[in-house]
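Single-letter residue listing:
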Amino acid sequence: MVVLLVVATPFSWAADQLPHIVILATGGTIAGSAASNTQTTGYKAGALGIETLLSAVPELKAIARVDGEQISNIGSENMTSDVLLKLSNRVNELLARSDVDGVVITHGTDTLDESPYFLNLTVKSEKPVVFTAAMRPATSMSADGPMNLYNAVLVAADKSSWGRGVMVELNDRIGSARFTTKSNASSLDTFKAVEEGYLGTIVGGKIYFETRVDKIHTTRSVFDVTGLKSLPAVDIIFGYQDDPEYMYDAAIQHKVKGIVYAGMGAGSVSKRSDAGIRKAQAKDIVVVRSSRTGSGVVPPDSNQPGLVSNSLNPAKSRILLMLALTKTDNPEIIQQYFNTY
Ligand code: DAS
């Protein structure tokens, strides 16, 4: 008599069924290393590799099949368009595979309002893309990186995350790439969307989504960076009392294609900036007025030069203007992009 022994190994059976999440590491404080566990400033960001980050969170194995790739290992103050293009193209390659269910990207916090928005406009998939980071280095007491990474994978592995656009997850909060920005230089809860709030939160390992993004993103975006080797040069010029016209001369001299004006209040221009903007426009440079306040809408104003950024802050406006200029230099079309993305 043949006895067939079937051993159901829940864990290995479950492991085969777990979502496959790829973690792309770019550097930042989450991979930061300091001399002591009480040091939370002045450390080296991007010091630890992806394997070290993954080994610090063995609990990931219970929620997803995880692979790690090192895209770069830099402080995000040194993030560049070249790395953004590499990152976006790699994410699209991965998400086009039927055996990949989502992507998590570890990143520095300093420009974590730029990279996620770039991918929000260039990823061509409904699958979850979740950025995460840390405000304390991996070597510090109560480092926030491991739990942020665990929660980011939890979100990326969850079917309810599909179709929400690129997300930013830190400190048990889930923000949208479109609205989330770094609101404080050093606090653990620095990532916020002042007016739009969070998409959801994570409590006790459970995801609670509360809202969705109305703006266009991912699969509905017209922007495609496949095969692009560079992006049009766009600079940001800050508006302030006594702001000089020569900043615009420098931008013109360097042959930028676009300028974002980080204006006072609702994008107000001084007489000097007005002259500078009109001079740039005369050289076919597209100028968009944003607000240095960090939130709120910059409305159209026929008395002031330039397109308007809607509710995009200056750093996000630059991301959209760079991508817009890969498609057109028509001001009416670009303004429509700012009204809808
Ligand atoms: N330099 C910061 C950065 O990489 C470190 C951090 O906060 O992640 O953005």
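Residues numbered from 1 in each chain as written. Predicted model: local features only at pLDDT ≥ 70, side-chain atom pairs only at ≥ 80, totals over all residues. Heavy atoms only, no water.

**Q** For this particular structure, what's the right way to read empty space enclosed by the protein?
**A** The rolling of a water-molecule-sized probe over the atoms marks out the regions of remaining empty space. Counted according to the given criterion, the structure contains four cavities of 30 Å³ or more. Phe 179, Glu 196, Gly 294, Ser 295 and Ser 311 are the residues nearest the centre of the largest cavity, which is lined by 14 residues in total. Its residues assigned to classes, the lining of the largest cavity shows four nonpolar, six polar and four charged. Here the second largest cavity is characterised by a volume of approximately 50 Å³. Lining of the second largest cavity is provided by 13 residues; of these, Ser 125, Glu 126, Lys 127, Gly 165 and Thr 218 occupy positions nearest its centre. Class assignment for the residues of the lining of the second largest cavity results in five nonpolar, five polar and three charged. (1 Å grid on protein atoms, 1.4 Å probe; cavity = no way out; pocket = protein on both sides within 12 Å on 5 of 7 lines; lining within 4 Å. Points joined across faces, edges and corners; volume = space filled by probe spheres on them. Nonpolar A, V, L, I, M, F, W, Y, C, P; charged D, E, K, R; others polar.)

**Q** How should I be thinking about the sheet that holds strand E3 (residues 102-106) in this particular structure?
**A** If you trace the eight strands from one edge of the open sheet to the other, you get E2-E1-E3-E4-E5-E6-E9-E10, paired in mixed fashion. Of all the strands in the sheet, just strand E2 (65-74) and strand E10 (206-209) have a single pairing partner and so form its edges. On average, each strand axis in the sheet is tilted by 25° relative to the strand beside it, whichever way the strands run. Sheet topology places strand E9 (residues 200-203) next to E10; four bridges connect them, and they run antiparallel. Counted as the bridge partner of Gly 200 is Phe 209 from E10. Strand contacts of helix H5 (residues 145-156): strand E1 (20-27), E2, E3, strand E4 (129-132), strand E5 (167-170), strand E6 (173-176), E9 and E10, with the helix running at about 160° to E3, the strand carrying the most contacts. (Pairing = 2+ DSSP bridges. Helix = DSSP H or I, 4+ residues; strand = E, 2+ residues; numbered from the N terminus. Axes fitted to C-alpha atoms, helices over the stretch in contact; angles between N-to-C directions. Contact = heavy atoms within 4.5 Å.)

**Q** I would appreciate a short explanation of the site of the ligand in the present structure.
**A** As a matter of local geometry, the ligand sits amid Gly 28, Thr 29, Tyr 43, Gly 75, Ser 76, Glu 77, Gly 108, Thr 109, Asp 110 and Ala 134. Separating an oxygen atom of the ligand from a backbone N or O atom of Thr 29 is a distance of 2.8 Å. Within the contact set of the ligand, an oxygen atom lies 2.3 Å away from a side-chain nitrogen or oxygen of Thr 109. Because more than half of its atoms lie within 2 Å of the grid, the ligand is assigned to the largest pocket. Its residues placed into classes, the shell around the ligand shows two nonpolar, six polar and two charged. (Near = heavy atom within 4 Å. Polar contact = N/O pair within 3.5 Å; in protein donor to acceptor, adjacent residues only side chain to side chain. Sits in = over half its atoms within 2 Å of the grid points.)

**Q** Explanation requested: the pattern of salt bridges in the structure shown.
**A** Between side chains of opposite charge, a pair can form when the charged atoms approach closely. Inspection of every chain in the model, using the stated rule, returns 10 salt bridges. A salt bridge links Arg 97 to Asp 99; the nearest nitrogen and oxygen atoms lie 2.9 Å apart. Look at Arg 97 and you get partly exposed, because its relative accessible area is 35%. On the basis of relative accessibility, which here comes to 37%, the residue Asp 99 falls in the partly exposed class. With its nearest N and O atoms 3.9 Å apart, the salt bridge here joins Arg 318 to Glu 114. Of this pair, Arg 318 sits in helix H8 (residues 314-324) while Glu 114 sits in the loop between E3 and helix H4 (115-122), placing them 204 residues apart in sequence. Linked through salt bridges whose partners overlap, the residues forming this network are Glu 69, Arg 90 and Glu 93. (Salt bridge = Lys/Arg side-chain N within 4 Å of Asp/Glu carboxyl O. Buried < 20%, exposed > 50% of the residue type's maximum accessible area, 1.4 Å probe, protein only.)

**Q** It is not clear to me how the sheet that holds strand E12 (residues 258-263) should be interpreted in this structure. Could you clarify?
**A** Whenever strands of a sheet pair, they do so through backbone hydrogen bonds, lying parallel or antiparallel. The strand order E11-E12-E13-E14 describes an open sheet built from four strands, whose pairing is parallel. The open sheet is flanked by strand E11 (234-238) and strand E14 (307-308), the only strands paired with a single partner.

**Q** Help me understand the packing of helix H6 (residues 246-253) against helix H7 (residues 271-281), please; the structure alone is not making it clear to me.
**A** Helix-helix packing is characterised by the crossing angle of the two axes and by the distance between the axes. One can describe the packing of H6 onto H7 by two numbers: an axis separation of 8 Å at closest approach and a directional angle of 15°. Taken together, the axes of H6 and H7 are roughly parallel relative to one another. Seen from above, H6 lies across H7 with right-handed handedness. Contact residues: Tyr 248, Asp 249 and Ile 252 in H6; Ser 273, Gly 276, Ile 277, Lys 279 and Ala 280 in H7. (Parallel < 35°, antiparallel > 145°, perpendicular 65-115°, else oblique. Left-handed = near helix turned anticlockwise from the far one by under 90°.)

**Q** What's the story with the layout of surface pockets in this structure? I'm lost.
**A** Empty space within the largest pocket amounts to approximately 280 Å³. Thr 29, Tyr 43, Thr 109, Asp 110 and Met 135 are, among the 19 residues lining the largest pocket, the residues nearest its centre. Of the residues belonging to the lining of the largest pocket, the class tally is five nonpolar, 10 polar and four charged. Looking at the second largest pocket, its volume works out to about 190 Å³. The wall of the second largest pocket is formed by Asp 113, Thr 181, Lys 182, Ser 183, Val 194, Thr 293, Gly 294, Ser 295, Asn 313, Pro 314 and Ala 315. Elements represented by at least two residues in the lining of the second largest pocket include exactly strand E7 (181-182) and H8. The class makeup of the residues in the lining of the second largest pocket is three nonpolar, six polar and two charged.

**Q** I tried to follow the pairing of E2 on my own but got confused; where do I start?
**A** The side chains of a regular strand alternate between both faces of the sheet. Relative to E2, E1 is paired through seven bridges, and the arrangement is parallel. Each residue of the ladder has a partner; that of Ile 23, found in E2, is Gly 68. At this point the chain moves from E1, through helix H2 (residues 50-55), to the parallel E2, and the crossover so formed is right-handed. (Right-handed = clockwise from strand over helix to strand, strands pointing away.)

**Q** It is not clear to me how the confidence of the model for the protein should be interpreted in this structure. Could you clarify?
**A** For any part of a model where pLDDT is low, the fine detail of the predicted coordinates should not be relied upon. Chain-level statistics for the protein give a pLDDT mean of 94 and a share of 96% at 70 or above. The low-confidence segment residues 6-13 (pLDDT under 50) makes three contacts with residues lying over four places distant or belonging to another chain. (pLDDT = per-residue confidence, 0-100.)

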